[in-house]
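# Secondary and tertiary structure notes
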Amino acid sequence: MTIPPAAPDTFHVYDTTLRDGAQQEGMQLTVHDKLRIARYLDQLGVGYIEGGWPGANPNDTAFFAAAAEGQLTLRNATLVAFGATRKAGTFAADDPQVQALLDAKTEVVCIVAKSHDEHVLRALRTTLAENLAMIADTVSHLVAHGRRVFVDAEHFFDGYRANPEYALEVVRTAADAGAEVVVLCDTNGGMLPSWMADVVSAAAQIGVDLGIHCHNDTGCAVANTVAAVEAGVMHVQGTVNEYGERTGNANLVTVIANLQLKYGWPLVPPSALAEATRITHAIAGITNLPLSNRQPYVGSSAFAHKAGLHASAIKVDSNLYQHIDPMLVGNDMRMLVSDMAGRASVQMKGSSLGYDLSNRDLAARITEAVKARELDGYSYESADASFELLLRSEMGLTDEFFEVLAWRVFTTHEVKPEGDSEATVKLRAKGISHILVGEGHGPLNALDVALRGALTPAYPQVDNFELTDFRVRILDQGHGTDAIVRTLIDLTDGERTWTTVGVGTNVIEASWEALYDGYRWGLLKRD
Ligand SMILES: [Zn+2]
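These numbers come from a predicted model, not from an experiment. (Residues numbered from 1 in each chain as written. Predicted model: local features only at pLDDT ≥ 70, side-chain atom pairs only at ≥ 80, totals over all residues. Heavy atoms only, no water.)

## Comments concerning the environment of F63
With respect to the secondary-structure elements, F63 resides in helix α2 (residues 58-71). Taking the relative accessible area as the measure of exposure, F63 reaches 0% and is therefore buried. It is 21 Å that separates the C-alpha atoms of F63 and E25, two residues lying 38 residues apart in sequence. Every residue in contact with F63, bar those within four places of it in the chain, is listed here: L18, V31, K34, L35, A38, G51, L72 and L79. (Helix = DSSP H or I, 4+ residues; strand = E, 2+ residues; numbered from the N terminus. Buried < 20%, exposed > 50% of the residue type's maximum accessible area, 1.4 Å probe, protein only. Contact = heavy atoms within 4.5 Å.)

This is how it looks when you write it as structure tokens:
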């Protein structure tokens, strides 16, 4: 292995979750959502937060207005307004879209400029010379109004392949007009890591600071970003949780963790990096798009080890089985308790959850209980919360937050706005009985509404609990509708997500059990 390159004197970590990331299908962010996400990005320690495109999108205009009015106080990051070069055949000074960038009142403005000749001729429908004039005029106008200007050279890599002289001329024009950084964009996401260095080096000849903006269409967005950094760029763009259109943008947290933990570059405070798992999960809660368990560094499976064979070795030295200490990114090593599991892995799993299972009899009893439940169809590989509840009950720790007296649910073919299902839950909590009817779309939703409503008088904190995912597996397919069903449910309180498991002969029974465990675990941790 070669020695990691030295850290550059200045390095920009630039987040575009709120602009390019928000292009993802199914993502709809309100102004309030954007303000909350921006605060989390600031906690993560990024240098720049691209907030959106004022003037082009009313929501984004409102976001920048809210930020300027003091609703967004950033400790680390600088807010950036994004826009485009002026229209062809006009003046930047007369262009309302350019004026909207100034009205956003940010210290930094990032404008996108075309750098691929075909795009200039066919999409912009103007001449190559006019495109250069648009860049020069817009950049110098913004600089004259006191802004620091970054320029995104759109389709730069494809443009360089088609017409290298013109693509480089775009970079030169932006630099001459006063752009502080020119960002080379792999807009179509088609590059490979070994192709980056030549193109970046050619642009570096111009002498302006360069940035990189990659999309993940070849599955190489992070690798391409790191390759560009090695070739000399001092500014990286990306999004949290790989948000972005198509296959997403470069995962900014993975880029930061790679450069900081592998190269030793001090990009964000170590205490902020240690919050990365919490922050990325919290942002996923706001976007309401579940975070992939397999996401590098911060996914819940990122440091999950199949128990059994490895368990005794992991006990000796966990670093033998993981590439970094998960605590550095605020994650945890997880042991997956499966039917291959022996006592060693149950003990380790227990101690990772904070329980002392060094007593061999106790550990053996819990292992037997896990095995018996796995035989019935339960699976604790991802259902940590249900495992912890099982472990507590075997240890004699009772958590009687509430007692369910009765529940039922029915579904009709009539689809009403409030849903097609109605559930009734009767329970006793803190000595008082509560009964509540909930309506919802589907039986699980109705049960969730009813259970939450019945618990709220005794435990107002359940109002924050939200069911985010629900997975069903038929275990014995030979029996058709008589088969055993296993359901896994994810609940969140906005900061943590936990998983529970339920098993039954029908999907509603299994779902109810997982839901019941989910609320019990949430109350346990909240108390
Ligand atoms: Zn992009």
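## Quick word on the UniProt feature "domain: Pyruvate carboxyltransferase" (unreviewed entry) in the protein
Annotation from UniProt places "domain: Pyruvate carboxyltransferase" (unreviewed entry) at residues 11-274. Spanning residues 11-274, this segment combines 45% helix with 17% strand, and its end C-alpha atoms are found 20 Å apart. (UniProt positions renumbered as here; feature names shortened; annotations may be inferred.)

## Some remarks on the sheet that holds strand β13 (residues 432-440)
Strands belonging to one sheet form pairs held by backbone hydrogen bonds; the direction of such a pair is parallel or antiparallel. Pairing is antiparallel across the open sheet formed by three strands, whose spatial order is β11-β12-β13. With partners counted over all chains shown, the strands left at the sheet margins are β11 (402-416) and β13, one partner each. Going from strand to strand, the sheet's axes swing by 10° on average, the running direction of each strand aside. Sheet topology note: the β11/strand β12 (residues 419-429) ladder contains ten bridges and is antiparallel. (Pairing = 2+ DSSP bridges. Axes fitted to C-alpha atoms, helices over the stretch in contact; angles between N-to-C directions.)

## Comments concerning the coordination of the zinc ion
Surrounding the zinc ion are the protein donor atoms D20 (OD), H213 (NE2) and H215 (NE2), at 2.0 to 2.1 Å. Binding-site remark: the zinc ion is held by donors from one chain whose sequence spacing is D-x192-H-x1-H. Classification of H215 as buried rests on a relative accessible area of 2%. (Donors = N, O, S within 2.8 Å, 3.2 Å for Na, K, Ca; no water.)

## Description of the packing of aromatic side chains
Overall, the coordinates contain 17 aromatic pairs when judged by the stated rule. Taking the centre distance of 5.3 Å and the plane angle of 75° together, the rings of F63 and F64 count as edge-to-face. Comparing F63 with F64, the two get one shared label, buried. With a centroid separation of 4.9 Å and 20° between ring planes, the pair formed by W407 and W512 is classed as stacked. (Phe/Tyr/Trp six-rings, centres within 6.5 Å; stacked < 30°, edge-to-face > 60°.)

## Observations regarding the packing of helix α3 (residues 96-103) against helix α5 (residues 128-144)
The contact between α3 and α5 brings their axes to 11 Å, and the two run at 30°. By the angle class used here, α3 and α5 are roughly parallel. For the pair α3 and α5, the crossing hand works out as right-handed. Contacts from V98, L101 and L102 of α3 reach α5 at T138, H141 and L142. Grouping the constituent residues of the contact of α3 with α5 by class yields four nonpolar, two polar and no charged. (Parallel < 35°, antiparallel > 145°, perpendicular 65-115°, else oblique. Left-handed = near helix turned anticlockwise from the far one by under 90°. Nonpolar A, V, L, I, M, F, W, Y, C, P; charged D, E, K, R; others polar.)

## Description of unusual backbone geometry
With a phi close to 55°, N241 is a non-glycine residue in the positive phi region. Relative to the helices and strands, N241 is located in the loop between β8 (235-238) and α10 (252-262). Judged by relative accessible area, which is 9%, N241 ranks as buried. Even without being a glycine, K430 presents a positive backbone phi close to 50°. Residue class for K430 comes out exposed when judged on its relative accessible area of 59%.

## Quick word on the nonpolar core
Counting residues in each nonpolar core, the largest one holds 94 residues, and the members touching the most others are V46, F63, F156 and L210. Considering each element in turn, this core owes the most residues, seven residues, to helix α1 (residues 31-44). (Core = buried A, V, L, I, M, F, W, Y, C linked by side-chain atoms within 4.5 Å.)

## As for the sheet that holds strand β15 (residues 485-492)
Judged by pairing direction, the sheet is antiparallel, and its three strands sit side by side in the order β14-β15-β16 without closing on themselves. Of all the strands in the sheet, just β14 (466-474) and β16 (497-504) have a single pairing partner and so form its edges. In this sheet, adjacent strand axes meet at a mean angle of 20° when their direction is disregarded. Sheet topology note: the β14/β15 ladder contains eight bridges and is antiparallel. Paired with R473 across the bridge in β15 is R486.

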